[in-house]
Each structure stands twice: as structure tokens, then as C-alpha cells.
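Letter by letter, the chains look like this.
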Amino acid sequence: MRNILVIIIGSIIVGVAYNLFLIPHQILSSGLSGIAIMLGIITPFNTGILNFLLNLPLLVFGVMKLGKRFIGYTVLSVVVLSVTLYVVPIQAISNEAILSSLFGGVLTGIGIGIIFRASGSSGGFDIIAMLLTKKRDFPLGALISAMNAVVVIISGFVFDWDAALHTLVAIYATGKIIDTIHTNHIKLTLMIITTKGDEMKEKLLANLYRGITVMDGEGAYTGEGRKVLMTVITRYQLTDVKLMINEIDSNAFVNITETTEVMGMFDRGK
């Protein structure tokens, strides 16, 4: 329930950023939403409806690769964003295009970032970026910004190059904020020492797409046998993993360290 509420709030923030800061100055956002904004400006169709229709093919593809839960949250985000774009009036908060591009980009980054933290996405290029980060250890915001170069170029040809530069500022700000909030590319190494090694292993394997190494250990003072489980996770998974560990063994000793680099098989099943 908490994730659903967070995704709704994040999607509303993105919609407000579009209609109050970006669209009034013909500034495009990142990804398919940016294309929807452009089409909404040059055609009589509503941006919200266009955003939903453009995202449908990627949502269908994503459910096969990213799982029903992730896509379910993404569908919720796309629907809420589209409704927000339809309901909130398009009205400029500032007459300064550069300020609007900066604040609009920051607000968009905040909205998308918290959507990612809630295990969802706002659709479009976000889905492509999530697929790529599952294969390679890249910063998510940087990937989204790189893919949006085409949006900047389109903006220059359709509107003017001032609008393209403002779009570039907005996309850059969005990418930086996303990487600040959604630290998926930051890895953590967990060393879990527990007397319930088998239960802990089964719980983590059932809920994490990560490999786990199990070693035998012994308490130096008590001489009691223990299991030592070591795994590497992304930072945004840490809260869920803590809950899993506490559920199986509230007395488990857990050492958490930030990992500089991972070599070899990071995902289970590769």
C-alpha cells in the first residue's frame, strides 16, 4: 500500500512539473513523455492521452522481462501521470524559460526518482533503462539522459534551438536528481551470520534475484555452529532485505559494506 501511495504522489509531481513548467515554454521532458508533450503541442490531442497510448507497447514488452509487479506499478504511474496531465491546467508559473526548464527538470527527477524507489517506473525510456541496468552496472539517470539526445534534436527541428537547449537543461537536471534519489547502481555487500542458515537462504533466494554464498562458521565464545551467508544487493533493495532477515532471525548479525566493484555473476541464474 505504501508503494502505491508513493507512486501516485511521484506521478502527480511529474504531471504538475510538465503542465506548469515545461509545456508552457515548449520544453520537452525525457523519453516518450517528451514526445507526447511535443505531439500535444503541435496536434489537437491531449498530452495525457498521447502519453498513455505511446507507453502501451513498452508496457506489454516489459511485463515479459521485468515482472508483473514492476509493470503493475508502472501502469499505475502511467495512468496517474496521464490523468494529471489531462486535469491540471497548462499555465506557466514563471515567464523565464531557463528557470522553468531547471525547476521543471528537478521536479520531474524528484517524481521519477521516488517512483523508482517504490519499485515502479513512469514508463517509456525508463523501462528500457531498467532492462539495461539489469545487464550492466550503469547509473540509471545517466542512461536515461543518454537515450534522450534524440528528444533534444527533435525539439530543435520542430520548435527552435533555444527550446532544444532548454530541453537539454531539463533532461540533464532530471537525470542528476534521479541518480541522487534512486541509487540502484550502488551495490552493497551483506554478510549475514545466523543460526537459521537454511531458512535464511531459502527466504533470500525466493525473493532476491541475487546469488548467495553460504559458509560454515563457529561462535568463538560459545563454540556454537552458525551459517555465514554473503550476497551483493543494490542499495534500494536494502530495506526489503532487512525485513526478510528480521523475519527469519531477529538475532542475526549482519555486516553491511558499500561495494566498489563487482566482477563475475551478480544476478542469480545468469
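Bear in mind the structure is a predicted one, so any value in this text is a computation, not a measurement.

1. Some details on the overall build of the protein chain
Thinking step 1. A tally of helices and strands in the protein chain yields eleven helices and four strands.
Thinking step 2. Within the protein chain, buried positions represent 47% of all 270 residues.
Thinking step 3. When contacts within the protein chain are restricted to residue pairs at least 6 apart in sequence, long-range pairs at least 24 apart make up 74% of them.
Thinking step 4. Surface accessibility of the protein chain: about 13,800 Å² in total, with carbon and sulfur atoms responsible for 63%.

2. Re the side chain of Thr-108
Thinking step 1. If you trace the backbone, Thr-108 turns up in helix H5 (residues 97-117).
Thinking step 2. Among the polar contacts made by the side chain of Thr-108, one reaches the main-chain carbonyl oxygen of Gly-104 at a distance of 2.7 Å.
Thinking step 3. Excluding residues within four positions of it along the chain, Thr-108 makes contact with Val-14, Ala-17, Tyr-18, Leu-22 and Thr-174.

3. With respect to the nonpolar core
Thinking step 1. If you look at the biggest cluster of nonpolar residues, it comprises 25 residues, and the most contacted ones within it are Tyr-18 and Leu-28.
Thinking step 2. Those elements that place two or more of their residues in this core are helix H1 (2-22), helix H2 (31-42), helix H3 (47-65), helix H4 (68-87), H5, helix H6 (125-135), helix H8 (149-158) and helix H9 (161-181).
Thinking step 3. For this core, the element with the highest residue contribution is H9, accounting for five residues.
Thinking step 4. When sequence neighbours within four positions are dropped, the list of residues in contact with Tyr-18 reads Ile-23, Pro-24, Ser-29, Ser-33, Ile-37, Leu-81, Leu-85 and Thr-108.
Thinking step 5. With 15 residues, the next largest nonpolar core counts Leu-204, Ile-212, Val-241 and Met-244 among its residues.

4. What about the sheet that holds strand S1 (residues 187-194)?
Thinking step 1. Spatial ordering of the open sheet is given by S2-S3-S1-S4, a layout of four strands whose pairing is antiparallel. Looking at strand neighbours, the two that pair on one side only are strand S2 (212-218) and strand S4 (253-259), the edges of this open sheet. Across this sheet, the average inter-strand angle for adjacent strands is 20°, counted without regard to direction.
Thinking step 2. Contacts from helix H10 (residues 197-207) reach S1, S2 and strand S3 (225-234), with the element oriented near 15° to S3.
Thinking step 3. Seen against the sheet, helix H11 (residues 238-248) touches S1, S3 and S4 and runs at an angle of roughly 5° to S1.

5. Some remarks on the pattern of salt bridges
Thinking step 1. Under the definition given, this model contains three salt bridges.
Thinking step 2. The shortest N-O distance in the salt bridge between Lys-203 and Glu-247 comes to 3.3 Å. Residue Lys-203 is located in helix H10, and its partner Glu-247 is located in helix H11; the two are separated by 44 residues in the primary sequence.
Thinking step 3. The exposure class assigned to Glu-247 is exposed, which follows from its relative accessible area of 55%.
Thinking step 4. We note a salt bridge from Arg-226 to Glu-224, for which the minimum N-O separation is 3.8 Å.
Thinking step 5. Residue Arg-226 is classed as partly exposed on the basis of its relative accessible area, which comes to 25%.

6. Side note on the pairing of S3
Thinking step 1. Two elements, S1 and S3, share eight bridges in a ladder whose sense is antiparallel. Along S3, the bridge assignment pairs Ile-192 with Leu-229.
Thinking step 2. Pairing of S2 with S3 involves seven bridges; the strand directions are antiparallel. Residue pairing across strands places Glu-218 opposite Gly-225, the latter belonging to S3.
Thinking step 3. Between S2 and S3, which pair antiparallel in sequence order, lie six residues; one of them, Gly-223, sits at a positive phi of approximately 75°.

7. Remarks on the packing of H5 against H9
Thinking step 1. Relative orientation of the contacting elements H5 and H9 amounts to 30°, with a least axis distance of 7 Å. One way to sum up the angle between H5 and H9 is to call them roughly parallel. The interaxial crossing formed by H5 with H9 has right-handed handedness.
Thinking step 2. Split into classes, the residues belonging to the contact of H5 with H9 amount to 14 nonpolar, seven polar and one charged.

8. Points about the packing of aromatic side chains
Thinking step 1. Taken as a whole, this structure holds one aromatic pair when the rule is applied.
Thinking step 2. When the centroid spacing of 5.3 Å and the interplanar angle of 70° are considered together, the rings of Phe-157 and Trp-161 count as edge-to-face.
Thinking step 3. Assessed through its relative accessible area of 48%, Trp-161 is described here as partly exposed.

9. Structural notes on the packing of H10 against H11
Thinking step 1. Taken N-terminus to C-terminus, the directions of H10 and H11 make an angle of 150°; their axes are 10 Å apart at the nearest point. Classified by the interaxial angle, the pair formed by H10 and H11 is roughly antiparallel. At the point where H10 passes H11, the crossing takes the right-handed sense. Counting all contacts with H10, which are made through Glu-199, Met-200, Lys-203, Leu-204 and Asn-207, the residues of H11 involved are Val-241, Met-244, Ile-245, Glu-247 and Ile-248.

What counts as what
Residues numbered from 1 in each chain as written. Predicted model: local features only at pLDDT ≥ 70, side-chain atom pairs only at ≥ 80, totals over all residues. Heavy atoms only, no water. Helix = DSSP H or I, 4+ residues; strand = E, 2+ residues; numbered from the N terminus. Buried < 20%, exposed > 50% of the residue type's maximum accessible area, 1.4 Å probe, protein only. Contact = heavy atoms within 4.5 Å. Areas by Shrake-Rupley, 256 points an atom, 1.4 Å probe, with all protein chains shown as cover. Polar contact = N/O pair within 3.5 Å; in protein donor to acceptor, adjacent residues only side chain to side chain. Core = buried A, V, L, I, M, F, W, Y, C linked by side-chain atoms within 4.5 Å. Pairing = 2+ DSSP bridges. Axes fitted to C-alpha atoms, helices over the stretch in contact; angles between N-to-C directions. Salt bridge = Lys/Arg side-chain N within 4 Å of Asp/Glu carboxyl O. Parallel < 35°, antiparallel > 145°, perpendicular 65-115°, else oblique. Left-handed = near helix turned anticlockwise from the far one by under 90°. Nonpolar A, V, L, I, M, F, W, Y, C, P; charged D, E, K, R; others polar. Phe/Tyr/Trp six-rings, centres within 6.5 Å; stacked < 30°, edge-to-face > 60°.

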